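Residue-level listing of the chains:
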Amino acid sequence: MARRSLLVSLAALVVIGVGGAAAALAWHPALPPAERPAAASFDPALVKRGATLAALGNCAGCHSAPGRPPLAGGLPVETPFGAVYASNITPDTEAGIGHWSEAAFRRAMRDGVDRDGRNLYPAFPYNHYTLVTDDDDAALYAYLMTREAADSAVPSPALPFPLNVRAVMAGWNLLFFRPGTYAPDPARGPDWNRGAYLVEGLGHCGACHTPHGPLGEEKAGEHLAGGAAEGWTAYALNGASPAPVPWTVDAMALYLRHGWQAEHGVARGPMALVTANLGRVPEADARAMATYLVSLMGRGAEPAPPAAKPGLPPASAGSQVAVAAGNGRGAALYAGACASCHEAGRALPYGGLALALSTALHAPDPTNLVVVTLHGLAAPVGAGGPIMPGFAGALDDDDLAALLSYLRGDIAKAPAWPDLPATIRRVRARDATLVASDGTGTAPADPQVRIAR
Amino acid sequence: MTAPLVIDRRTVLRGTGALVLGFALRPVGAAEAAEPAGEGGGATGPRDLPGSLKTTPLVDSWIRVAADGNVEVLTGKAELGQGIATALVQLAAEELDLPLARVTIRTADTATTADEGYTAGSHSMQDSGSAIRAAAAEVRGLLVGEAATRWAVPAEALRVEGGAVLAPDGRRFGFGDLVSATLLHVEATPHPALKPPGRYAVVGQAVPRRDIPAKVTGGAIYVQDLRPAGMVHARVIRPPAPGARLQSLDDAAVRATPGVVAVVRDGDFLAVAAETEWGAVEAMRRLAAAARWSTPAASLPTDRPAGRAIRALPARDTVILDRGAPPAGDGLRRFASDFTRPYQAHGSIGPSCAVAHLDGDTLTVWTHTQGVFPDRAAIAEMLGFPPARVRCIHTQGSGCYGHNGADDAAGDAALVARALPGRPVRLQLMREQEAAWEPFGPAMLTRAEAALDADGRIADWSYGVWSNTHNMRPGGAGALLAARLLAKPFAPPEPKPIPQPEGGGDRNAIPLYALPNARVTHHFVPDMPLRVSAMRALGAYANVFSIESFMDELARASAQDPIAFRLRHLDDPRARDVVARARDEAAWTGRPRVPGRGRGFAFARYKNLAAYCAVAVEVEVDRDTGRLRLARAVAAVDGGQVVNPDGLRNQIEGAILQSMSWTLYEEVGFDAAGVTSVDWATYPILRFDAVPDTVEVHLVDRPGQPFLGCGECGQGPTAAAIANAVADATGARLRDLPLTRERVLAALAV
Amino acid sequence: MTTITVNGSAHEVAVDPTTPLLYWLRDALGLNGAKYGCGLGQCGACTVVVEGEAVMSCVVPVVALDGKHVTTLEGLGTADAPGPLQRAFIDEQAAQCGFCIPGMIMRAEALLARRPDASDAEIRATLQTNLCRCGTHMRILKAVRRGADAMRAASPPAARPVRLGDAR
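What counts, and where the lines are drawn
- Residues numbered from 1 in each chain as written.
- Chains lettered and ligands numbered in written order.
- Predicted model: local features only at pLDDT ≥ 70, side-chain atom pairs only at ≥ 80, totals over all residues.
- Heavy atoms only, no water.
- UniProt positions renumbered as here; feature names shortened; annotations may be inferred.
- Helix = DSSP H or I, 4+ residues; strand = E, 2+ residues; numbered from the N terminus.
- Contact = heavy atoms within 4.5 Å.
- Areas by Shrake-Rupley, 256 points an atom, 1.4 Å probe, with all protein chains shown as cover.
- 1 Å grid on protein atoms, 1.4 Å probe; cavity = no way out; pocket = protein on both sides within 12 Å on 5 of 7 lines; lining within 4 Å.
- Points joined across faces, edges and corners; volume = space filled by probe spheres on them.
- pLDDT = per-residue confidence, 0-100.
- Pairing = 2+ DSSP bridges.
- Axes fitted to C-alpha atoms, helices over the stretch in contact; angles between N-to-C directions.
- Buried area = accessible area lost by both parts, 1.4 Å probe.
- Salt bridge = Lys/Arg side-chain N within 4 Å of Asp/Glu carboxyl O.
- Polar contact = N/O pair within 3.5 Å; in protein donor to acceptor, adjacent residues only side chain to side chain.
- Nonpolar A, V, L, I, M, F, W, Y, C, P; charged D, E, K, R; others polar.
- Phe/Tyr/Trp six-rings, centres within 6.5 Å; stacked < 30°, edge-to-face > 60°.
- Buried < 20%, exposed > 50% of the residue type's maximum accessible area, 1.4 Å probe, protein only.
- Domains from an automatic or database assignment.
- Parallel < 35°, antiparallel > 145°, perpendicular 65-115°, else oblique.
- Left-handed = near helix turned anticlockwise from the far one by under 90°.

In the nomenclature of an unreviewed UniProt entry, chain B is known as Xanthine dehydrogenase family protein molybdopterin-binding subunit of Lichenibacterium ramalinae.

The name given to chain A in an unreviewed UniProt entry is Cytochrome c, and the organism recorded there is Lichenibacterium ramalinae. According to UniProt, the comment filed for chain A under the heading Subcellular location (unreviewed entry) is "Cell membrane".

Draft legend 1. Geometry of the overall build of chain A. Along the backbone of chain A there are 18 helices and six strands. Partitioning the contacts of chain A with sequence separation of at least 6, the portion at a separation of at least 24 is 68%. Total accessible area on chain A stands at roughly 18,100 Å², and carbon and sulfur atoms take up 59% of it.

Draft legend 2. Structural detail: empty space enclosed by the protein. Residue and element names in this part refer to chain B. Per the counting criterion, the structure on display carries 15 cavities of 30 Å³ or more. The volume enclosed by the largest cavity comes to roughly 720 Å³. Forming the boundary of the largest cavity are 42 residues, of which Gln-82, Ser-122, Gln-651, Cys-710 and Gly-711 lie nearest the centre. Counting residues per element, the ones that place at least two in the lining of the largest cavity are α2 (84-96), α3 (124-151) and α16 (645-665).

Draft legend 3. View of the confidence of the model for chain B. On average, residues of chain B score 92 in pLDDT, and 94% of them are at 70 or above. Across residues 1-38 of chain B the pLDDT falls below 50, and counting only partners more than four positions away or on other chains, this stretch makes 69 contacts in the model.

Draft legend 4. Molecular detail of the sheet that holds strand β1 (residues 63-65) of chain B. All names here are of chain B. Pairing is mixed in the open sheet, where three strands are placed in the order β1-β2-β3. Of all strands in the sheet, those bounded by a partner on one side alone are β1 and β3 (103-106). Averaged over all adjacent pairs, the angle separating strand axes in this sheet is 25°, with direction ignored. Examined bridge by bridge, strand β2 (residues 71-74) and β3 share four bridges and lie parallel to one another.

Draft legend 5. Layout of the interface of chain C and chain B. Of the residues lining the interface, 53 residues belong to chain C; the matching set on chain B comes to 65 residues. For the pair chain C and chain B, the summed buried surface comes to about 4,800 Å²; carbon and sulfur atoms form 54% of the total. One can count five salt bridges joining chain C with chain B. Salt-bridge contacts for B:Asp225 lead to C:Arg26; the nearest nitrogen and oxygen are separated by 2.8 Å. Taken together, chain C and chain B are joined by 39 residue pairs in polar contact (both at pLDDT 80 or more). Of all the secondary-structure elements, those providing two or more residues to the side of chain C that touches chain B are α1 (21-28), α2 (84-91), α3 (101-114), α4 (120-127) and α5 (137-154) of chain C. The element contributing the most residues to the side of chain C that touches chain B is α5(C), with five residues. The residue makeup of the side of chain C that touches chain B, split by class, is 27 nonpolar, 19 polar and seven charged.

Draft legend 6. Structural view of the UniProt feature "binding site: heme c 1" (unreviewed entry) in chain A. Residues and elements named next belong to chain A. UniProt records the feature "binding site: heme c 1" (unreviewed entry) for Cys-59, Cys-62 and His-63 in the present numbering. Tracing the backbone shows Cys-59 in helix α4 (residues 59-63). By the element assignment, His-63 lies in helix α4. Among residues more than four places away in sequence, those in contact with His-63 are Leu-71, Ala-72, Gly-73, Ala-86, Ser-87, Ile-89 and Phe-124.

Draft legend 7. Local environment of the packing of aromatic side chains. All names here are of chain A. Under the counting rule described, the total for this entry stands at 18 aromatic pairs over all chains. Aromatic side chains Trp-172 and Phe-176 sit 5.2 Å apart centroid to centroid with 65° between the ring planes, which places their arrangement in the edge-to-face category. With Trp-172 and Phe-176 both in helix α8 (residues 168-176) and four residues apart, the pair spans about one turn of that helix. For Trp-172, a relative accessible area of 4% corresponds to the buried category.

Draft legend 8. Spotlight on the interface of chain A and chain B. Chain A puts 27 residues into the contact, and the matching count from chain B is 29 residues. Of the roughly 2,300 Å² buried between chain A and chain B on both sides combined, carbon and sulfur atoms contribute 56%. Linking chain A to chain B there are one salt bridge. Residues A:Arg147 and B:Asp624 are paired through a salt bridge, measuring 3.3 Å at the closest nitrogen-oxygen approach. Counting every contact that joins chain A to chain B gives five residue pairs in polar contact (both at pLDDT 80 or more). Partitioned by chemical class, the residues of the side of chain A that touches chain B number 13 nonpolar, nine polar and five charged.

Draft legend 9. Representation of α1(C) in the model. Residues and elements named next belong to chain C. Of all eight residues in α1, six are buried, a share of seventy percent or more. Among the residues of α1, those classed as buried are Leu-21, Leu-22, Tyr-23, Trp-24, Leu-25 and Arg-26. A positive backbone phi angle near 70° is found at Gly-30, which sits one or two residues after α1.

Draft legend 10. Representation of the domain arrangement of chain A. Partitioning chain A into domains gives domain 1 (22-176), domain 2 (190-297) and domain 3 (327-429). A straight line from the C-alpha centre of domain 1 of chain A to that of domain 3 of chain A covers 38 Å.

Draft legend 11. The arrangement of the confidence of the model for chain A in detail. Residues and elements named next belong to chain A. Summary statistics for chain A give a mean pLDDT of 85 and a share of 85% for residues scoring 70 or more. Mean pLDDT across the secondary structure elements of chain A bottoms out at helix α1 (residues 3-18), with 48, and peaks at helix α7 (residues 134-145), with 98. Contacts from residues 442-453, a stretch scored under 50 in pLDDT, to residues over four places away or in other chains number 41 contacts.

Draft legend 12. Molecular detail of the sheet that holds strand β4 (residues 159-161) of chain B. Residues and elements named next belong to chain B. The strand order across the open sheet formed by three strands is β4-β5-β6, and the pairing between neighbours is antiparallel. Two strands close off the open sheet at either side, each with one partner strand: β4 and β6 (172-174). Between one strand axis and the next, the sheet turns through 25° on average, direction left out of account. Relative to strand β5 (residues 164-166), β4 is paired through three bridges, and the arrangement is antiparallel. When the sheet's bridge partners are listed, Val-160 is paired in β5 with Val-165.

Draft legend 13. A look at the environment of B:Pro213. On the secondary structure map, B:Pro213 appears in helix α5 (residues 212-217). The exposure class of B:Pro213 is partly exposed, given its relative accessible area of 21%. When sequence neighbours within four positions are dropped, the list of residues in contact with B:Pro213 reads C:Ala79 and C:Ile90.

Draft legend 14. Layout of the domain arrangement of chain B. Residue and element names in this part refer to chain B. As far as domains go, chain B holds domain 1 (9-205), domain 2 (223-293 + 346-437) and domain 3 (539-750). Across the boundary between the two partners, domain 1 contributes 20 residues, which contact 17 residues of domain 2. Both sides of the domain 1 and domain 2 interface together cover about 1,500 Å² of buried area, and 56% of this is carbon and sulfur. Run the count over domain 1 and domain 2 and you get one salt bridge.

Draft legend 15. Broad picture of the UniProt feature "binding site: heme c 3" (unreviewed entry) in chain A. The feature "binding site: heme c 3" (unreviewed entry), as annotated in UniProt, sits at A:Cys338, A:Cys341 and A:His342 in this numbering. If you trace the backbone, A:Cys338 turns up in helix α14 (residues 328-342). Considering the arrangement of structural elements, one finds A:Cys341 in helix α14. When neighbours within four sequence positions are excluded, A:Cys341 is seen to be in contact with A:Gly352 and C:Leu40.

Draft legend 16. Up close: the pattern of salt bridges. Residue and element names in this part refer to chain B. Scanning all chains against the criterion turns up 70 salt bridges over all chains. In this structure, Lys-195 and Glu-94 form a salt bridge, with 2.7 Å as the shortest nitrogen-oxygen distance. One end of the pair, Lys-195, is in the loop between α4 (175-178) and α5; the other, Glu-94, is in helix α2, with 101 residues separating them in the sequence. Judged by its relative accessible area of 2%, Glu-94 is buried. What you see here is one network of salt bridges that share partners, running through Glu-548, Asp-552, Arg-556, Arg-566, Arg-593, Asp-728 and Arg-733.

Draft legend 17. Up close: the packing of helix α11 (residues 249-258) of chain A against helix α13 (residues 283-297) of chain A. Residue and element names in this part refer to chain A. One way to put it is that α11 packs onto α13 with a least axis distance of 8 Å and a crossing angle of 130°. When the interaxial angle is binned, α11 and α13 end up oblique. For the pair α11 and α13, the sense of crossing is right-handed. Contact residues: Val-249, Asp-250, Met-252, Ala-253, Leu-256 and Arg-257 in α11; Glu-283, Ala-286, Arg-287, Met-289, Ala-290, Thr-291, Leu-293, Val-294 and Met-297 in α13.

Draft legend 18. Main features of the UniProt feature "domain: Aldehyde oxidase/xanthine dehydrogenase a/b hammerhead" (unreviewed entry) in chain B. Residues annotated by UniProt as "domain: Aldehyde oxidase/xanthine dehydrogenase a/b hammerhead" (unreviewed entry) correspond here to residues 217-297 of chain B. Counting secondary structure, residues 217-297 of chain B comes out at 23% helix and 31% strand; the distance between its end C-alpha atoms is 49 Å.

Listed below in structure tokens is the structure:
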């Protein structure tokens, strides 16, 4: 975002923030500190349900940072305005939420307000969590309060004035936040409604997959139309889905739970954290989410016909197959750098995806293809999964552009990206969140930081 | 000479110098005794001599003195990266009072060194170390005796210093002055005068390994690095699945490709040779696409854990321990547990490679086999050559950890070299070929049963282990993959168990604990669904995992400290020392507990006759994801007399980390049709993010005691210690290897 | 014609442009440092440094290296005169079979050239792409730490060029 427009926006927010209505909205009472409940006081079945809900909500994705105890927070979540640090949500009474009553927890989820009555920043997606039912909040609370307490403190947000005044968030809420639990659509079946509840609520898919406005809000009217997350493009989940093979409920349900699907490839970047978590939820929930999402994609936008699927590899040579190099530099680069994995035809998720099936190649924006090519796919920790080396050191900007243009034109048969060189320069200058396909972090250089600048 | 690497045969012959005349490796009549026995080698001959001198008693088979007084040590063992070459030089230098710089070593070579069988089973120091130390002492005595004769003075009056024999009056003979073609060509004596350990100057010192400088600077030290003049590069094309037959091959286009030298086909064996390595890879790929294979019936067992499928097969039972009698049932608490180990892969980082050269009548093979003599026998039989026409020279490769693809690659290279007389052939396997076709460490199942008396002592013990053989190594041609694929195929050798006391599948199946009533049965399963053979520690890995996990279960069930419980049942004072040392170094009792971490302990004496090893660990358990992390490991090892403490520590550290990788992650994947784990995406192993914070190795030195093999002693205890730590942290007992996070989560959900 | 500078010497490349760098280094130049491990970019045994960045040479075709500077293990020193990182590996006896070590050294070399003050966590994270099977990891980490300290002592930070970017 251009610096000038940011300042204008901030000024607007301040005006709103100091407005009388906003001031009234900003005030919430502090709730009294509760005695930390004993872990044994919770029904184990409730805790177990809470664990599933926590996985659906990807709580650990932000609240667990490499090098710190689980759920102890500390991970800087980059916003357009600066870093907000995920809080410690273990039941530690000092550093965590040990003194929070269930009512305080529910208020945070429903209204985006902490126990002291201060507004939370919407990096915590309370605009989605507000949809969560009381019952589910109770289960989540039971789950969190039975975790190992960790006394790890969390840094203060690094936001400029006036955003560092939390009351200003009241203005944001006034503009963009509509509290209230999910209201089922009676015209739809239970699966669809369950999926909508999870996708729009705990799952907070729109936090990444909906484009954001200048104040970090999810743009009205562009729901799930494709956004950005941590250096990656989050593909459109509506009719504009760029997947070359249309998603089906079966395919999407499998992808959500396993992090890969044979005709779509593997999850990577922050999505790998999501799918790793969804691997621990009941299949019915994943299927419900898939039902809802696929309904959003509709059949309106006719996707490009898929390219031919790979043939069977000559297994006698393992994954190694002969590739006839096409013409040009990009083709030669593809033959020497990519084909030994991507033309092997070895079954996903372990082999390279036949790139004709790659959503990244068909997407309107080459960001994800550039990120993956530069940084590769990290090996999961002690588990099977795809591994791809990064080519940041091997390919300079010109070669990368030649290679990706070849992939786009000759393999995806799609019109050239107009801004490829600029995207390459931009992605090189900014790291993206790298996560192995099973959701394990890649132990970034500084273990405190998952999202580098 | 730093590396025992000789590419040019003429150099080999020159290197033996003037003293080679009349050299014979064995005295007449001793040849038959050299047949390797057991896993390690030929140290079981008729004579009462130390180590491998039993089978190769001539002194100059081990130690040679050049005219300049420098000494060459010869060993039939191979340097595998375990540091044996450096340790053996230390022993010889010590007994000869020579500076290390004046001692070189030549390793396993069928033309020049003793037949010491395999470099395996933690035998090298026992077999070769004992022999070389004794031979060096013998040489010292012979040199002193020769000087005494020439000067006509009593030998007792002479001393040895800096490569010379000195008389009291100052006269001196350099070693080279004294030696002759015949002086050292004598049989060793049973009890040479060994230097007392109190006077050791280089034994017991952390002498830097000789092979490391070349390894870290790109020296030509590996067989992969050999480039004899005229060399071609070869690749094999393996069948798509075991049992698939090559039905048709349209190789005209490949043959016509510039740079392709030959397509070699014999039955289902298919290979291609080219002038450049990349040319060979590309030709391999195109040849693979041009080959049509039959699809054999998909019949591999799909039961999991794989050890259960092994138990379901017919077995030949041997009772290997039958002590006391089961006590009557009153007042006893009885326990029983099953444990399994999956198929696991050696997983060498570098796929196997060999260079073979048919020069006139003689085929020379440079190979990283663990046994040059058995490999030679196999290759000679496969080719129909007399063994004398085949020479195998050990050359280092990527670490093998047992019977990996090394012998197969040697056999493959030999077949291609036979088709290309005069041209050296470098044949290297591809990653997928190594991974899918190497002989795996066998899947196993064990069942442990015990009864505790009212006092918490083990009143009864019963144990059974079901396993395939752990030794399908060469000797016969059928052990080579290529030989099984030929138009006239060689059948795989009949699988045989390795007898006690070393054992194969039943290695370490007998606990070292003092148990009044105990029965142990080895259920040997001949049928091998997957190709298997020796992998580091053989059955000891699963047996120690099982026994030491079970000991932990018994201790917990009776509310006893697991270490105290072990000590209650241990009489062997050296075992007790090692257990206590690990306990104390780990601060087992005093160290504050870390939330989310468990502590685990395990102990074994490898094979009940080699090194003692106890391991204490701390393991982090992430209850949400099921992930385990080995955070800290503390080991204590008694390997007898220590020759090179740093080399030994390196080995034990490696054993702990490798065993951790096996234990937490590793399992060969296969479906009914074949192996599916063919690379590091499908066969994940330890990476740096899971490396422990600290690993400590504490050595209990035993000066003057016999060498006890150490290279494999850490494998079993590490596995059990990790599982015991998980039980300590969570109360959940994991009995199926590997301890994947799915299994952890499943155990925690109960 | 493709020209690649390896360890300071320029070489014209006379092989097919799709040939992976690894095979050209070993075959055409007779260099031993880079090893074939998997051919899939999964193990790091083939790692070399290209223009300051660690690169898996088994999956980089020579066509991508025209005009570039490649450093292999041989470019860091010799057995008689090892470079600082090589010296550190010798001093720590950080090898068993040693097959993975060249890749480890080259990846660490690229890291330390860029970040002379690399933390232990950073070293671990950087070596994540490289596999060792002997279990020499503890010593490899110590050796890289030792090498980093030696390199820093030998060359104060101001004297070194600063590189931007932290490609993994």
